[in-house]
There are 2 protein chains.
Amino acid sequence: MSETNADDIDAADGTAEQADSGTANEAIMEATYRALRTHGAADLSVQAIADEFDKSKSLIFYHYDSREDLLSSFLAYLLENFKNRVAASEITDPVTQLDGLIDSLLYGPDDNESFQIAMLELRSQAPFNEAYRDQFRRNRAYVHRLTARVIDCGIDDGVFAPVDPDYIATLLLTMIDGARLQLVVLGDETILDTTRAAIDDRLDETLFAEQTPSD
Amino acid sequence: MSETNADDIDAADGTAEQADSGTANEAIMEATYRALRTHGAADLSVQAIADEFDKSKSLIFYHYDSREDLLSSFLAYLLENFKNRVAASEITDPVTQLDGLIDSLLYGPDDNESFQIAMLELRSQAPFNEAYRDQFRRNRAYVHRLTARVIDCGIDDGVFAPVDPDYIATLLLTMIDGARLQLVVLGDETILDTTRAAIDDRLDETLFAEQTPSD
DNA sequence: ACTGGTTAACTAGATAGTTAGTGAGTGAGA
DNA sequence: TCTCACTCACTAACTATCTAGTTAACCAGT
């Protein structure tokens with residue numbers, strides 16, 4: 001980790017571009033995003049990132065200790081962005097909320113595929129890189145908690161059957177991961193809709209099941 | 001593609017090491033397998049593969065046009081191996097067969113994790129490499145057909161409810177993919193058992209459901 | 001003599017990270 | 001107010017290393 005990364009981003013709070021000190025990191029993060037989309041992650045050179053904004057490659061090494069530091073900071077930046085987006089979304093009833101969450105995880109949150117490809121590349125490097133792995137764990141833990149909490153709310157409200165929220169959340173995220181993997185790797189455009197249907201089937205049988213204890 | 005790859009492997013039929021011409025390719029494939037396990041796929045140099053057997057790096061370029069050709073041939077080799085293993089397995093009742101298939105896809109077929117990591121790395125390169133992508137598509141198509149066929153048999157035998165075999169197969173493979181991804185990326189050892197349980201739940205509700213048409 | 005398998009040595013290109021420096025601003029002391 | 005010391009953001013140019021792929025040649029068997 002460098003001296004100047006995640007904390008600045010935390011402070012920037014998603015609506016940066018006002019403080020002079022925050023701008024550089026923000027600009028680098030945005031350049032990284034663009035570079036990942038166009039080059040992928042595996043053969044993404046630091047030069048390629050530098051080309052995406054108006055400063056030099058050296059500046060990147062001035063702000064970040066290494067390419068690895070830069071990329072894991074980028075993952076942290078993504079998580080913060082996602083958190084902010086979630087925090088900004090309106091709170092509705094659990095059914096709508098769960099529905100929206102599934103949709104955004106399955107189809108979004110980033111509308112374009114090339115970025116998802118890059119994220120998969122980074123994920124495939126997680127086993128060799130503790131910083132990446134930790135970031136992905138954090139990310140996953142956050143989304144898992146979020147999902148479980150929505151389910152829990154639904155149970156409390158009586159609109160969902162009393163299931164194990166953790167178990168259902170795990171199951172949902174596993175299916176979503178599998179679907180996105182297949183979309184990205186094989187380019188199978190049908191898989192998202194099929195999976196969405198399968199998830200709905202599944203939820204109908206568990207969350208929305210009539211409570212008929214057969215014992 | 002080089003002049004000398006998949007067809008030789010086809011002919012070798014999994015039990016090579018007898019013909020002089022087949023030995024080289026077979027040896028390279030095995031060296032590739034070992035090298036992938038120890039180095040991963042992303043920073044796997046041709047030299048690293050050469051180090052895994054007793055011949056020189058140049059020989060690899062003599063047999064394969066490029067690193068890419070070598071790796072996509074390796075994917076083809078893997079599929080052939082898997083086919084042979086499936087062909088060699090005993091044919092039992094659909095229930096046992098489906099059960100074994102799920103287990104081998106989820107926990108196996110290669111007992112060690114480092115190889116699965118390498119395969120994920122290769123998959124993450126599929127979007128940039130048509131040869132890889134085609135191989136993975138072939139692979140997926142084969143496993144899908146295999147799964148669907150087993151389910152179909154079960155339906156014919158009357159032990160499974162009349163479901164859509166394609167749909168169930170897609171669903172199974174998606175969950176299995178998602179679980180393996182999480183295992184490999186996050187090192188979550190619990191996910192396989194959880195997913196296995198979820199699959200069993202799911203199959204209980206569909207394949208083994210009592211036929212009670214409520215209409 | 002010719003072919004197929006095999007090799008050492010080399011080329012060419014890429015890239016992470018370093019170095020040594022520039023220049024604009026800032027604050028303290030005279 | 002001037003200026004000296006110092007720092008921060010920033011850069012061009014360089015180094016060191018790695019690696020895919022090539023070349024030219026060697027050798028054993030036929």
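Everything below is about the structure shown above.
These numbers were taken from a predicted model, which means no experiment stands behind them. (Residues numbered from 1 in each chain as written. Chains lettered and ligands numbered in written order. Predicted model: local features only at pLDDT ≥ 70, side-chain atom pairs only at ≥ 80, totals over all residues. Heavy atoms only, no water.)

Peer 1: Would you take a moment to explain the packing of helix α6 (residues 94-106) of chain A against helix α9 (residues 165-186) of chain A for this structure?
Peer 2: Between two packed helices, both the angle of their axes relative to each other and the distance between the axes serve to describe the pair. Residues and elements named next belong to chain A. The interhelical angle for the contact between α6 and α9, taken along N-to-C directions, is 30°, at an axis separation of 10 Å. When the interaxial angle is binned, α6 and α9 end up roughly parallel. For α6 against α9, the interelement crossing comes out right-handed. Contacts between α6 and α9 pair Leu98, Ile102, Ser104, Leu105 and Leu106 from the former with Leu172, Leu173, Ile176, Ala179 and Arg180 from the latter. The residue makeup of the contact of α6 with α9, split by class, is eight nonpolar, one polar and one charged. (Axes fitted to C-alpha atoms, helices over the stretch in contact; angles between N-to-C directions. Helix = DSSP H or I, 4+ residues; strand = E, 2+ residues; numbered from the N terminus. Parallel < 35°, antiparallel > 145°, perpendicular 65-115°, else oblique. Left-handed = near helix turned anticlockwise from the far one by under 90°. Contact = heavy atoms within 4.5 Å. Nonpolar A, V, L, I, M, F, W, Y, C, P; charged D, E, K, R; others polar.)

Peer 1: Would you take a moment to explain the protein's contact with DNA strand D for this structure?
Peer 2: Around DNA strand D sit 16 residues, and of these A:Lys55, A:Ser56, A:Ser58, B:Lys57 and B:Arg67 come closest. Here a phosphate oxygen of DNA strand D sits 2.6 Å away from a polar atom, N or O, in the main chain of A:Ser56. At 3.0 Å, a backbone N or O of B:Val46 approaches a phosphate oxygen of DNA strand D. A per-element tally of the surface near DNA strand D places helix α4 (residues 57-63) of chain A first, with four residues. In terms of residue class, the surface near DNA strand D is made up of six nonpolar, six polar and four charged. (Near = heavy atom within 4 Å. Polar contact = N/O pair within 3.5 Å; in protein donor to acceptor, adjacent residues only side chain to side chain.)

Peer 1: Looking at this structure, how should I read the relation of the copies chain B and chain A?
Peer 2: A rotation about an axis combined with a shift along that same axis relates the two copies of the chain. Note on the copies: chain B fits chain A at an RMSD of 0.0 Å, the axial shift is 0.0 Å, and the rotation between them is 180°. One copy is carried onto the other by what is essentially a two-fold rotation axis. Using C-alpha coordinates, one finds that chain B approaches the rotation axis most closely at B:Gly178, a distance of 1.8 Å. Looking at the interface residues of chain B, 97% of them are also at the interface in chain A, so both copies use one shared face. (Least-squares fit on C-alpha atoms with pLDDT ≥ 70 in both.)

Peer 1: Help me understand the pattern of salt bridges in this model?
Peer 2: Side chains bearing opposite charge may pair, as long as their charged atoms lie close to each other. Residue and element names in this part refer to chain A. Taken as a whole, this structure holds 18 salt bridges over all chains when the rule is applied. Between Asp177 and Arg123 there is a salt bridge, and its shortest N-O distance comes to 3.7 Å. With a gap of 54 residues between them, Asp177 in helix α9 and Arg123 in helix α7 (residues 113-125) connect regions that are remote in the sequence. With respect to burial, Asp177 and Arg123 carry one shared label: buried. (Salt bridge = Lys/Arg side-chain N within 4 Å of Asp/Glu carboxyl O. Buried < 20%, exposed > 50% of the residue type's maximum accessible area, 1.4 Å probe, protein only.)

Peer 1: It is not clear to me how the protein's contact with DNA strand C should be interpreted in this structure. Could you clarify?
Peer 2: In the vicinity of DNA strand C there are 15 residues, among which A:Lys57, B:Lys55, B:Ser56, B:Ser58 and B:Tyr62 approach most closely. Here, DNA strand C places atoms within 4 Å of the protein, and 49% of those atoms are sugar or phosphate. Residue assignment for the surface near DNA strand C shows that the elements contributing at least two residues are α4 of chain A together with α4 (57-63) of chain B. Broken down by element, the residue count for the surface near DNA strand C peaks at four residues, all from α4(B).

Peer 1: Sorry if this is basic, but what is going on with helix α7 (residues 113-125) of chain B here?
Peer 2: Residue pairs three or four apart in sequence face the same way in an α-helix, which turns once every 3.6 residues. Residue and element names in this part refer to chain B. An ideal rise of 1.5 Å per residue puts 18 Å on 13 residues; α7 measures up with 19 Å between its terminal C-alpha atoms. Judged by how many residues are buried, α7 sits mostly within the fold: 10 of 13 residues are covered. For α7, every residue scored as buried is listed here: Phe115, Gln116, Ile117, Ala118, Met119, Leu120, Glu121, Leu122, Arg123 and Ser124. (Expected span 1.5 Å × (residues − 1).)

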